[in-house]
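Listed here are the chains, written in short residue letters.
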Amino acid sequence: DTMPVANIAHAAGAILGVMLAWTYSLAPEKRRFGTTAIAAVLLAVLAGASILRPQVQQLFNTIHPPAAEIHWTPLPGEDPPADSDQLQDAN
């Protein structure tokens, strides 16, 4: 589950970074909308990382199945019985 979480975190950081840069580029008297938008996105990110975490995980499990559900297929020339012990240890 590391990869989907990392993707979400990087996307949220990129969105917030763009919003911050855009807001700071505005004249001081016009920053209210940008500041409000940043606060709303930040609250949504915090909710998704805490209260709504099960729903976010369920959404991304349907898009990207957990690694444990992906079938392991040996490459040509590998010794499946010996390598399967390592696979079981990893899971």
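Look a little higher up for the structure.
Cut-off values and rules
- Residues numbered from 1 in each chain as written.
- Predicted model: local features only at pLDDT ≥ 70, side-chain atom pairs only at ≥ 80, totals over all residues.
- Heavy atoms only, no water.
- Phe/Tyr/Trp six-rings, centres within 6.5 Å; stacked < 30°, edge-to-face > 60°.
- Helix = DSSP H or I, 4+ residues; strand = E, 2+ residues; numbered from the N terminus.
- Buried < 20%, exposed > 50% of the residue type's maximum accessible area, 1.4 Å probe, protein only.
- 1 Å grid on protein atoms, 1.4 Å probe; cavity = no way out; pocket = protein on both sides within 12 Å on 5 of 7 lines; lining within 4 Å.
- Points joined across faces, edges and corners; volume = space filled by probe spheres on them.
- Contact = heavy atoms within 4.5 Å.

Undergrad: In this structure, what is going on with the packing of aromatic side chains? I would like to understand it.
TA: Aromatic ring pairs are described here by two measures, namely the spacing of the ring centres and the angle between the planes. Within this structure, the stated rule accounts for one aromatic pair. Centroid distance Trp22 to Phe33: 6.2 Å. Interplanar angle 90 degrees. Geometry classified as edge-to-face. Highlighted residues: Trp22 in helix α1 (residues 2-25) and Phe33 in helix α2 (residues 31-49), separated in sequence by 11 residues. Residue Trp22 is classed as partly exposed on the basis of its relative accessible area, which comes to 41%.

Undergrad: Would you explain the layout of surface pockets in this entry?
TA: Here the idea is plain: a probe the size of a water molecule rolls over the atoms and shows the empty space left. Taken as a whole, the largest pocket spans an internal volume of roughly 170 Å³. Lining the largest pocket are 10 residues, and of these Ile8, Val45, Gly48, Ala49 and Arg53 lie nearest its centre. At the level of elements, α1, α2 and α3 (53-63) are the ones that each hand at least two residues to the lining of the largest pocket.

Undergrad: What is the right way to read the environment of Gly17 from this model?
TA: Here Gly17 is to be found in helix α1. Classification of Gly17 as partly exposed rests on a relative accessible area of 35%. Sequence spacing of Gly17 and Ile38 is 21 residues, and the spatial spacing of their C-alpha atoms is 9.4 Å.

Undergrad: When you look at the environment of Ile38 in this model, what are you seeing that I'm missing?
TA: Checked against the element boundaries, Ile38 lands in helix α2. For Ile38, a relative accessible area of 14% gives the class buried. Sequence separation between Ile38 and Ile15 is 23 residues, and the spatial gap between their C-alpha atoms is 9.2 Å. The contact partners of Ile38, leaving out residues within four places of it in the chain, are Leu16, Met19, Leu20 and Thr23.

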